[in-house]
Each structure stands twice: as C-alpha cells, then as structure tokens.
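Observations on the model geometry
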Amino acid sequence: MHPDGIRDHLVWIASVLAFTIAAATGALYRFGLAYGFTGGLDFTNVRHAHSHLMFFAWVTPAVFMFISRRVEALTTSSWPRLGQWATVAALVLGFASYVPFLLFGYSPVSLGSIVLPPSVIVAGLNMIAWYAFMAGYVRQTRKIKRGRVLILFDGALMFLFLASLGAWGISLTVPTGNDSPLISAALTHLFLGFFSEGFILLAVLGLAESFTRPGVFGNRLFETCVWLLIAGISVTFLLGMPSAMVDPSARWLVRIASGFMAVGLTGFSVQMLRRGAHSWRIVGVFLVLKAVGFYAVLLTPGMWWSDYAAERVLYFHLHLLGFTSLGIMAAARETVAGRTPDQIRWMTGAVVLVVLSLLPMTMFWPGPLKGAWMLKAAAWAALGPVLVGFWMVLFQRPALKKP
Ligand code: HEM
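Parameters and conventions
Residues numbered from 1 in each chain as written. Predicted model: local features only at pLDDT ≥ 70, side-chain atom pairs only at ≥ 80, totals over all residues. Domains from an automatic or database assignment. Contact = placed C-beta atoms within 7 Å. Helix = DSSP H or I, 4+ residues; strand = E, 2+ residues; numbered from the N terminus. Expected span 1.5 Å × (residues − 1). Bend = angle between axes of the 7 residues up to and from the residue. Buried ≥ 20, exposed ≤ 12 C-beta atoms within 10 Å, placed from the backbone. pLDDT = per-residue confidence, 0-100. Core = buried A, V, L, I, M, F, W, Y, C linked by C-beta atoms within 7 Å. Axes fitted to C-alpha atoms, helices over the stretch in contact; angles between N-to-C directions. Parallel < 35°, antiparallel > 145°, perpendicular 65-115°, else oblique. Left-handed = near helix turned anticlockwise from the far one by under 90°. Nonpolar A, V, L, I, M, F, W, Y, C, P; charged D, E, K, R; others polar.

1. Here's the deal with the domain arrangement of the protein
Partitioning the protein into structural domains gives domain 1 (1–107 + 115–142 + 374–403) and domain 2 (145–172 + 180–336). Here domain 1 and domain 2 have C-alpha centroids that lie 20 Å from each other. Opposite the 21 residues of domain 1 that make contact, domain 2 presents 22 residues. Elements represented by at least two residues in the side of domain 1 that touches domain 2 include exactly α1 (3–35), α2 (43–75) and α5 (118–141).

2. Let's talk about the environment of Ser279
Mapped onto the fold, Ser279 is located in helix α10 (residues 278–299). As a C-alpha pair, Ser279 and Phe217 span 62 residues in sequence and 20 Å in three-dimensional space.

3. Digging into α2
Under the 1.5 Å per step criterion, the end-to-end length of α2 is 47 Å for 33 residues, consistent within 8% with the ideal 48 Å. The principal kink in α2, of about 30°, is found at Val59, preceding the proline Pro61 by one to four residues. When you tally the buried positions in α2, you get 25 out of 33 residues, the bulk of the element. Phi turns positive one or two residues past the end of α2, at Thr76, with a value near 50°.

4. Quick notes on the confidence of the model for the protein
Mean pLDDT over the protein stands at 90; residues scoring 70 or higher make up 95%. Of all the helices and strands in the protein, strand β1 (residues 109–111) carries the lowest mean pLDDT, 83, while helix α13 (residues 373–381) carries the highest, 97.

5. Digging into the nonpolar core
Counting 122 residues, the largest nonpolar core has Leu53, Phe199, Ala203 and Val283 as its most contacted members. In this structure, this core is formed jointly by two domains, domain 1 (1–107 + 115–142 + 374–403) and domain 2 (145–172 + 180–336), each of which donates at least three residues.

6. Brief notes about the packing of α2 against helix α7 (residues 181–211)
Between α2 and α7, the least distance of the axes is 11 Å, while the angle of their chain directions is 40°. The angle between the axes of α2 and α7 places the two elements in the oblique class. Of the two possible hands of crossing, α2 and α7 adopt the one that is left-handed. Counting all contacts with α2, which are made through Phe55, Val59, Val63, Phe66, Ile67 and Arg70, the residues of α7 involved are Phe195, Ile200, Ala203, Leu207 and Ser210. For the contact of α2 with α7, a count of residues per class yields nine nonpolar, one polar and one charged.

Shown next as structure tokens:
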C-alpha cells in the first residue's frame, strides 16, 4: 500500500477515536443530567472537553486530510510536507487539549510559582498548526484555476483564519483592558460562528461537491449560493449572542442574513439530494433541516436561537453531528475507510437517534408529554455513536485504493 495511504488511514482512525472519546464525554454529560453522575467532574468542563475534542481532533484533522487529497487529485502533485505535518500536529494538539479542558476548563493552574491556563495554551498552539496547513494550501493551489471545489475550500480556510483572529482577540481582551461582557461575547461567538458555520460548513460542502455528480447547479446559481452563504455567515454569528446584547437594528440585519443562509443552503441541499450517492443524500436531509432553522429566524419575529437553550443544542447537533460528522464519514467511505458500508449505516442510525432524543426537550414537543424520562432517553441514546465509533476504530481495514 502507498505510504500516503497508510498515513491517511492512521489519521482517519485517530480522528474517529477522537470522535468516539468526545462522544463518550457528551454521553457522560447526559448521564450527569439524567442520573446526577459525572465522576466528580465539573459539568462545564465536561462540555468544553467534549466540544473542543470534537472540533480540534475530529473535524479539523479529518477535513484537512480530505482537502489535501482532493487538491492533490486536482493538481496531480504531492501535498507539501508542511501541510502534511500540520494535519498530524492539529490531531496531536487536539488530543492534548482534552485532559486540560476536562480537568480545568479555561482556568489557570499553578505550576510552582507560575500560573498558566494549560488549555488556552494548547488551543493557541493548535491555531499555529492551522496556519501551517493554510500556508501549504496556498502554496499548492495558488497557480491553479478556481473551480467549484476550490472556491468552497478557499472560503472554508478564509473563515478558519478569521475565526482564529477572534480567538486571539479573546486572549488579548484582559491584558488590554477591553474585557467588557459585550466585547468578550462578540469575539467568542465570532470564533464559534466562523469556525462552525464558516470553516466547517464550507469545507463539508466542498467535499460534497467533489463527491457528488454535477448537474443541478449552473455556474451562475452555484456562485450566487456561495456568495449568499459568505454574506450570511459574516453576520449570523451574532445569533450566538444573547439577543439582549445585540442592537435592534443589528437584529434586523441578522434576520436578513439568515434569509441569505436559508436560500444558499437550500440550493446546496437540492444538489446533494438530487445528485449525491445514498450517504450524501442523508447529509442533504440534515442540510435541509439546517436551512429550516434559518428560515425560522427570517420569518418569525423575535426568534433568536441562543435565547432557547434546548433548541440551540438541537440546532448545533443537527449541524455538527448530522450534517458535518455524517458528511465526513461519507467522504471517508469513498476514500480512506475500508469495509465501512455497514459501520456507516449503523453510525447514521445512531446519529439520527441522538438527534431525535434531543427533540422532547425543545418547544417542538407537546408539554404534557414531557417528563424526567426525556433526560434518561437522551443519555442512553448518546451511547449509540460511542459503540459504533469503537467498532470503527477497532475493526476498520485500510481502503485499498489511494484517496
Ligand atoms: C456523538 C454524539 C454527541 C453527543 C452525545 C453530544 C452531547 C453533547 C452534550 C450533552 C452537550 C451539552 C448540552 C448542554 O449544554 O445542555 C453538547 C454540547 C455541544 N456539542 Fe455535542 N454531542 C455529540 C456530538 C457532537 C459533535 C459531533 C460536535 C462537533 C463536531 C459537537 C459539538 C458540541 C458543541 C459545540 C456543544 C456546545 C458547547 C457549549 O455550549 O459550550 N457535539 N454535546
């Protein structure tokens, strides 16, 4: 087997391991809510450890690896070493941030006479690995014509860069004395929004575009949808802030931007549903549900997701678990992962169950049917992706074809 293929398979299995550990951490949180058990760990720290491991060691390295391979296929030359090492570094640093987040969250820790926030330091090093990947990408693609896939990857990495500026900004607010709650919340949600709706969304759409049959979109329509998404992402990160912190005129702007997102997402979901293989069509269904979330903000006065905790968690997981994680698995199925059809089918079922288990806690579920059973059901459903994840880590042979 080609050495690149072996490295890709190892990165893939390690990323799936990160997904599995992060899913188990999410399940621990759910068991904590349902039965009061978290093994003595703080709830907020468990949540941060879960979300950071998912972002840094599951999504980012897997997406970097697939971007490298798709670009190599387009340029027929090997990916620069810098970019290859950056993917591995992002993975290792992603894992390294897990224990500090789990034990200390963002808090500083005393090491002798020095007081340092270990998780913030590892997260900062992570961003340096992202920059190294971006440098490799720019070198590899600067001379080639921008087709659809590259336009989406360009957009994804641009938002990753902008998200990182938000993160650096957060670490500068205290030393520069600009740490008002408004500025801190705006920078935090700029990071979260640009990372999850900018980088992740556009990267997975780029993967989908490279693996689905062309057809539904003409170039003009494609470009319109991309511009609508870019304009929408640039503003809708404000939806993550409490509505009371956002000026009423800016809230209007967010509603219009949500309309841009909704229309752009509708365009891409039609493409996925009509032209994708079976595993991409399921991803397309989650994209439709995401679009519905944005139509709801556009059409319902006063609708502001972050003011509704349970609905926000549902939306996050429709996007990050349903659309993103199943999208990455669909890309793996066609490249690095051997013997996956059954495993991915089981994972799809487990993911759908987790998402459904979040519904009873939201306003969409009839009040009289709510009860303590909801938390228990969500806790047991959370074990599904953990079990399938372990199955994938332990029993997945490398694919024979080079991605
Ligand atoms: C595999 C199944 C998953 C389970 C069981 C799970 C579970 C959870 C739980 C219990 C929470 C806390 C909810 C609350 O605050 O009430 C949470 C929040 C979150 N999860 Fe997941 N999750 C899963 C998948 C994912 C994936 C794949 C991602 C990202 C790629 C992700 C990213 C997040 C984020 C960003 C938050 C919000 C963190 C915050 O508000 O600080 N989750 N998840």
